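Letter by letter, the chains look like this.
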Amino acid sequence: MHTLKNLPFDNSFARLPDHFYARVQPTALADPYTVSINPQAAALIDLDPAEFDHPELAHYLSGAKPLPGSDPLAMLYSGHQFGHYVPQLGDGRAILLGQVRNRKGESWDLQLKGAGITPFSRAGDGRAVLRSTIREYLCAEAMHGLGIPSTRSLCMIGSDEEVYREQIETGAVLLRMAPSHVRFGSFEVFFYRNQHERLRELADHVIAEHYPELQADPQPYLALLREVVQRTARLIAQWQLVGFAHGVMNTDNMSVLGLTMDYGPFGFLDAYEPGFICNHSDHQGRYAFDKQPEIGLWNLTCFAQALLPLLDPDDGEAAVAQARDALAAYQPAFVAAYGRGLRDKLGLRDERTEDQALADRLLALMQHSGTDYTRLFRDLATLQRNDAGMDGLLRDQFVDREAFDQWAGDYRARLHAEGSEDGERAVRMNRVNPRFVLRNHLAQQVIERAQRKDFAGVDELLAVLSRPFDEHPGMAHYAEPPAADARQIVVSCSS
Ligand code: AMP
Ligand code: MG
């Protein structure tokens, strides 16, 4: 177990040449205090829980005091934002402290978000507000609890220092962790600058640190692209299955490890609405919920383009052909992962051609009725194969109950065809259909409490969302869909 002062930093990113980043010191928030610390993430870096009571914890974990061994820097990247290339972005308010290696040999980036301006801040203030910090802190852990790859949240530090957004708010710092924060945009910047040697250095670094098994491949860069295609396809299939809309799928927010990252105006579906747009600045609905799968491919195409000079330095056409071939694997990978996931949600063990149509019919009924996505799938586990008389809980979630009855009849026939057993099926379904997701109105409730300095709601919700498939007696209110008037929370990009 480590203390705050002897974390075993091994800063592989800072050992790269300095054209990948700018060294920068965090700017302390005034009088920082701990809002929440996440023991599960602390365990990933073997941080002794006794340290949670350290009188200067908030100083060390917000960047106000340097963590011994850290080597703070802001990473350079560019990216496509809402379809347009922006030549330079970079960490404008994130500061990478370095990598800590744990007992298992895993390396974890420790990154502050909201710790002051960097050379990449442009017009920004380098800060993050408590509101958006709580949302990212909780959602990253909720995703992890759901089994979806994500950055992790170590702790959240608050301050009474004012930060100006649409209104005056208070600042906060998130300390997040990931095996790497390298993005598609980290590659794009060197492609557009025509700096192919740097591109190669970065690719070699990512492969050595995160895809060591690809080093032996005769075409390691093509293998890297193929792997990122697979991971991204699987990641987005998982988002769709759980009803998660990211909101800002710019290529600078896409992880080369296939992690969910940079939580902004995200949202989980309440009522099933495929065209759901969670970001009120997204007027065209570019990042609507049902657009995410195709945007995933669009983003991967940008990433593939950035890798072209590495795929075949001498023959541009051959490089393009390789990239096309790698990208062609996206759709089948997505369809396979999504199809398997839908069957799991329906509790179907076997694979039959009519399954997709059965699922689509249910989704269409849900859309028509505005049925709550998470609740319906969770409740579906209570369906009895031989007793339609017990369907009340389910059919009450539909406007057209006869249409639901018809669907349920076909579903029963399908269950019968594979000899499905109610109890065993329910156990399987409850492992994939969560009881709890981070609904916007829940985030809003704990944010309002936290803004009054009552942080207990954050920890309580963290505990529930970390184990979203458990029932959590006494916490049923966190599973409730929003009241009708809370449904339309739109979230702004200003965070
Ligand atoms: P995002 O859409 O939040 O991923 O941010 C896009 C870019 O804007 C990134 O380069 C961020 O670092 C930068 N950025 C966002 N907010 C701020 C801020 N308050 N201060 C400085 N840079 C910011
Ligand atoms: Mg970002």
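For clarity, every value in this text was computed on a predicted model and none was experimentally measured. (Residues numbered from 1 in each chain as written. Chains lettered and ligands numbered in written order. Predicted model: local features only at pLDDT ≥ 70, side-chain atom pairs only at ≥ 80, totals over all residues. Heavy atoms only, no water.)

Student: Explain the site of ligand 1 to me, and be specific about the residues and the numbers.
Tutor: Looking at ligand 1, there are 17 residues lining it, with G90, G92, D125, G126 and N253 nearest. Contact with the protein chains removes 80% of the 480 Å² of surface that ligand 1 exposes when unbound. Grouping the constituent residues of the shell around ligand 1 by class yields 2 nonpolar, 7 polar and 8 charged. When residues of the shell around ligand 1 are assigned to domains, at least three fall in each of domain 1 (13–181) and domain 2 (185–337). (Near = heavy atom within 4 Å. Areas by Shrake-Rupley, 256 points an atom, 1.4 Å probe, with all protein chains shown as cover. Nonpolar A, V, L, I, M, F, W, Y, C, P; charged D, E, K, R; others polar. Domains from an automatic or database assignment.)

Student: Talk me through the nonpolar core; I want residue IDs and the actual numbers.
Tutor: For soluble globular proteins, the rule of thumb is that nonpolar side chains tend to be buried together. One finds F13, L110, L138, F187, W407 and Y411 to be the most contacted residues of the largest nonpolar core, which totals 158 residues. The element best represented in this core is helix α6 (residues 220–242), accounting for 14 residues. Structurally, this core is a two-domain feature, drawing no fewer than three residues from each of domain 1 (13–181) and domain 2 (185–337). In contact with L138, not counting residues within four places along its chain, are L438, V446, V458, L461, L462 and L465. (Core = buried A, V, L, I, M, F, W, Y, C linked by side-chain atoms within 4.5 Å. Buried < 20%, exposed > 50% of the residue type's maximum accessible area, 1.4 Å probe, protein only. Helix = DSSP H or I, 4+ residues; strand = E, 2+ residues; numbered from the N terminus. Contact = heavy atoms within 4.5 Å.)

Student: Please give an account of unusual backbone geometry that cites residues and values.
Tutor: Peptide bonds are, in most cases, trans, and in most cases residues other than glycine have a negative phi. For D46, which is not a glycine, the phi torsion comes out positive at approximately 55°. If you check the backbone angles, F82 has positive phi at about 50° while not being a glycine. Structurally, F82 can be placed in the loop between β4 (79–81) and β5 (84–86). A relative accessible area of 29% means that F82 is categorised as partly exposed.

Student: Report on the packing of aromatic side chains, specifying residues and quantitative values.
Tutor: Overall, the coordinates contain 19 aromatic pairs when judged by the stated rule. Judged by centre distance (5.3 Å) and plane angle (85°), the ring pair of F187 and F303 falls under edge-to-face. Of this pair, F187 sits in helix α4 (residues 184–192) while F303 sits in helix α7 (residues 292–311), and the two are 116 residues apart along the sequence. Take F303: its relative accessible area is 0%, and that puts it in the buried class. Feature note: the residues W239, F244, Y263, F266 and F268 constitute an aromatic cluster, connected by ring pairs. Lying over the aromatic face of F266, R135 brings its terminal NZ or CZ to 4.2 Å of the ring centre. (Phe/Tyr/Trp six-rings, centres within 6.5 Å; stacked < 30°, edge-to-face > 60°. Lys NZ or Arg CZ within 6 Å of the ring centre and 35° of its normal.)

Student: For the packing of α4 against helix α5 (residues 196–210), give the residues involved together with the corresponding values.
Tutor: The contact between α4 and α5 brings their axes to 8 Å, and the two run at 160°. It follows from the interaxial angle that α4 and α5 lie roughly antiparallel. The crossing of α4 and α5 is left-handed. Across the interface between the two elements, S186, F187, F190 and F191 of α4 pack against H196, R198, L199, L202, A203 and V206 of α5. Across the contact of α4 with α5, the residue classes break down as 7 nonpolar, 2 polar and 1 charged. (Axes fitted to C-alpha atoms, helices over the stretch in contact; angles between N-to-C directions. Parallel < 35°, antiparallel > 145°, perpendicular 65-115°, else oblique. Left-handed = near helix turned anticlockwise from the far one by under 90°.)

Student: Mind laying out helix α8 (residues 316–327), listing which residues take part and the relevant values?
Tutor: With 12 residues, α8 extends 16 Å from end C-alpha to end C-alpha; this agrees with the ideal 16 Å at 1.5 Å per step. If you follow the buried residues of α8, they end up packed against α6, α7 and α9 (330–346). The opening residue of α8 is D315, an N-cap whose side-chain oxygen sits 3.1 Å from the backbone nitrogen of E317. (Expected span 1.5 Å × (residues − 1). Polar contact = N/O pair within 3.5 Å; in protein donor to acceptor, adjacent residues only side chain to side chain.)

Student: Residue-level account of the environment of R135, with values.
Tutor: Tracing the backbone shows R135 in helix α3 (residues 130–145). Owing to a relative accessible area of 6%, R135 belongs among the buried residues under this scheme. Once the C-alpha coordinates of R135 and P265 are considered, the two residues, 130 residues apart in sequence, prove to be 8.8 Å apart. For R135, the contacting residues outside a window of four places in its chain are G264, P265, F266, L438, N440, A443, I447 and V491.

Student: Describe the domain arrangement of the chain, and please don't skip the residues or the numbers.
Tutor: For the chain, the assigned domains are domain 1 (13–181) and domain 2 (185–337). Tallying the contact residues gives 35 residues for domain 1 and 39 residues for domain 2. Remark: the boundary between domain 1 and domain 2 carries 1 salt bridge. A salt bridge links D262 to R176, with the nearest nitrogen and oxygen atoms 2.9 Å apart. (Salt bridge = Lys/Arg side-chain N within 4 Å of Asp/Glu carboxyl O.)

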